[in-house]
Amino acid sequence: MNQPRDGKPQTRRILDTPLRLRSGLVLRNRVVKAAMEEQLAGPRRQPDHRLVTLYRRLADGGAGLLITGHVMIERRAVAQPGDIVLDEASDLDAFRHWSAAAGTLPVFMQLNHPGRVVRRDTGSIAYAPSPVPVQAGGLSGLFAPPVEMTASDIARTIGQFAASARLARESGFAGVEIHAAHGYLLSQFLSPLVNNRTDEWGGALRQRARLLLRVVDAVRDSVPDSFPVAVKLNSADFQRDGFDIDDAAEVIDWLSPAVDLVELSGGSIESLATAGHPADNRTLARESYFLDLATRLVGRTATPLMLTGGIRRGHVAENVLRQGFALAGVGTAYAQNPRAVRQWLDGHDAPVAPPTTWIRSKALRAAAVQAAVTDRLHTGACDRRRPRMPTGAALLADQIRRARQLRHYRKEQDEAV
């Protein structure tokens, strides 16, 4: 690798550049630990010592910003029984311990509502803009029938996002990221395939984006201007006639006056783009899946854009920045090798191979890979090291763990009635 006159490898000079956000927060470099579901909720859906241990270790990995796995805003609506929930009933001391685990490194909490992406066995409410069932092939039956949201449901959800953002700030988190990607509730409202409403919340893109924009405004009103607010948005849903790149461009324009950062990803439970299996059969790159598509959004806005998905080598992260993105988000690679980013900053390419499996079903293969990533996060949350688990075994272990978490979640829901 070429050595410039100051002695730093060129890769480090690019990745190691600070970034000041609109709110005033300065990120020390351009690599972000992107959100990954930790599935580590303790009693009452709260963080415990395991998340503290995990984030203490993740903070040593070299990234300039950590974004948590999604935190639910609604106790009766969780994507998985191991999800954390932050609401007015939460013990903020538990969340303060979590936010403090990274020391001086900023941590954003990702806030989410699953909408219709709710497993039937949780007993959770599967809210949706319209009663359009999840179409996930042979796994479709696992999801609860969606319930069309009323105007009061929508108003309550906006308030819950705002309340959770306020509580995240009170708990010591440096910012929040609103999840409007991957087929969850806000993404469902954006999608013309899921949102068939004829009222003010459906129809043309501006109306389908109304909920996201109202949520962002409510969150902004609930926190000071110095508190960063980011949004995670699909560059495309990768479904024929669905939300696509031109839609994303318009939504970013509407978001720009209010947000510090927009993270771009893609896909959903119905179109496994983040696992390399888009439903519209588009060909994705083997690494940095969405770069070719999302580059069309660079230069349209002064708001910093972050690209996430399939970044597993230092020079790939560097190329993302060279294409005009302000930040490179790293998920799976960070879980598999938390030291990889530090090695990239030192000028080493340090490739991280993705988990592999021979399972033929695309949906089960994606679930197995996700289970392998979750296993690495759980390993990082332990006080002891354990060997890497084969992908198939990780999927089995994940199902056993989920069954245990489900029993606890259902018991808590029954006691709350």
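Quick caveat: nothing in here was measured; it's all calculated off a predicted structure.

Draft legend 1. Examining the overall build of the chain more closely. Counting secondary structure elements, the chain contains 14 helices and 14 strands. On C-alpha atoms alone, the chain measures out to a radius of gyration of 20 Å, which is about the 22 Å that the 2.2 N^0.38 rule sets for 417 residues. Principal-axis analysis of the C-alpha atoms places the extent of the chain at approximately 65 × 45 × 45 Å. Burial status across the chain gives 61% buried among its 417 residues. Summarising the internal contacts of the chain: among those between residues at least 6 apart in sequence, 70% fall at separations of at least 24. Counting only carbon and sulfur atoms, one obtains 50% of the accessible surface of the chain, whose full area is about 16800 Å².

Draft legend 2. Spatial organisation of the pattern of salt bridges. Taken as a whole and assessed by the stated rule, the structure comprises 19 salt bridges. One salt bridge connects Arg45 with Glu412, and the closest N-O pair in it is separated by 3.0 Å. Taken as a pair, Arg45 in the loop between strand 3 (31-33) and helix 2 (49-58) and Glu412 in helix 14 (residues 391-416) lie far apart in primary sequence, 367 residues in all. Just as Arg45 is buried, Glu412 falls in that class too. One salt-bridge network, in which partners are shared between bridges, spans Asp60, Arg339 and Arg342.

Draft legend 3. Representation of the pairing of strand 7 (residues 107-112). The element strand 7 is largely enclosed, with a buried count of six among its six residues. Examined bridge by bridge, strand 7 and strand 10 (residues 175-180) share four bridges and lie parallel to one another. Looking at strand 10, one finds that Leu111 is bridged to Ile178.

Draft legend 4. A look at the packing of aromatic side chains. Taken as a whole, this structure holds three aromatic pairs when the rule is applied. A centroid spacing of 5.7 Å and a plane angle of 80 degrees characterise the contact between Tyr55 and Trp98, whose relative ring orientation is edge-to-face. Here the residue Tyr55 occupies a position in helix 2, and Trp98 occupies one in helix 3 (residues 92-100), the gap between them amounting to 43 residues. Given the relative accessible area of 1%, Tyr55 is considered buried.

Draft legend 5. Just the environment of Ser235, in detail. Mapped onto the elements of the fold, Ser235 is located in the loop between strand 11 (229-234) and helix 8 (245-255). Measuring from C-alpha to C-alpha, the distance between Ser235 and Ala367 comes to 22 Å, with 132 residues separating the pair along the chain. Leave out the neighbours within four places in its chain, and Ser235 touches Asp244, Ile245, Ala248, Leu264, Ser265, Phe290, Leu293 and Ala294.

Draft legend 6. Broad picture of the packing of helix 4 (residues 151-170) against helix 7 (residues 210-222). Here helix 4 crosses helix 7 at 40 degrees, and the two axes come no closer than 8 Å. In this view, helix 4 runs oblique relative to helix 7, as classed from their interaxial angle. At the point where helix 4 passes helix 7, the crossing takes the right-handed sense. Note on element contacts: helix 7 touches helix 4 through Leu211, Arg214, Val215, Ala218, Val219 and Ser222, opposite Ile154, Ile158, Phe161, Ala162, Ala165 and Arg166. Classifying every residue of the contact of helix 4 with helix 7 gives nine nonpolar, one polar and two charged.

Draft legend 7. Focus on unusual backbone geometry. Despite not being glycine, His182 has its phi angle at roughly 60 degrees, a positive value. The backbone of Ala350 sits at a positive phi, close to 45 degrees, despite the residue not being glycine. Tracing the backbone through its elements, the reader meets Ala350 in the loop between helix 12 (340-345) and helix 13 (362-380).

Draft legend 8. Representation of the nonpolar core. Within the largest apolar cluster, 99 residues are counted, with the highest numbers of intra-cluster contacts made by Leu66, Ile178, Leu212, Leu233 and Leu264. Once residues within four sequence positions are removed from consideration, Leu212 is found in contact with Ile178, Ala180, Leu186, Leu190, Val231, Leu233, Val251 and Leu255. Within the second largest apolar cluster, 14 residues are counted, among which are Leu21, Val32, Ala326 and Leu327.

Draft legend 9. Representation of the environment of Ala403. As for its placement among the helices and strands, Ala403 is situated in helix 14. Between the C-alpha atoms of Ala403 and Gln343, which are 60 residues apart in sequence, the distance is 38 Å.

Draft legend 10. Spatial organisation of helix 7. For helix 7, built from 13 residues, the straight-helix expectation of 18 Å at 1.5 Å per residue is met to within 8% by its first-to-last C-alpha distance of 18 Å. The complete set of buried residues in helix 7 reads Leu211, Leu212, Leu213, Val215, Val216, Ala218, Val219 and Arg220.

Criteria and thresholds
Residues numbered from 1 in each chain as written. Predicted model: local features only at pLDDT ≥ 70, side-chain atom pairs only at ≥ 80, totals over all residues. Heavy atoms only, no water. Helix = DSSP H or I, 4+ residues; strand = E, 2+ residues; numbered from the N terminus. Rg over C-alpha atoms; globule rule 2.2 N^0.38 Å. Buried < 20%, exposed > 50% of the residue type's maximum accessible area, 1.4 Å probe, protein only. Contact = heavy atoms within 4.5 Å. Areas by Shrake-Rupley, 256 points an atom, 1.4 Å probe, with all protein chains shown as cover. Salt bridge = Lys/Arg side-chain N within 4 Å of Asp/Glu carboxyl O. Pairing = 2+ DSSP bridges. Phe/Tyr/Trp six-rings, centres within 6.5 Å; stacked < 30°, edge-to-face > 60°. Axes fitted to C-alpha atoms, helices over the stretch in contact; angles between N-to-C directions. Parallel < 35°, antiparallel > 145°, perpendicular 65-115°, else oblique. Left-handed = near helix turned anticlockwise from the far one by under 90°. Nonpolar A, V, L, I, M, F, W, Y, C, P; charged D, E, K, R; others polar. Core = buried A, V, L, I, M, F, W, Y, C linked by side-chain atoms within 4.5 Å. Expected span 1.5 Å × (residues − 1).

Remember, this is a structural readout, not a statement about activity or role.
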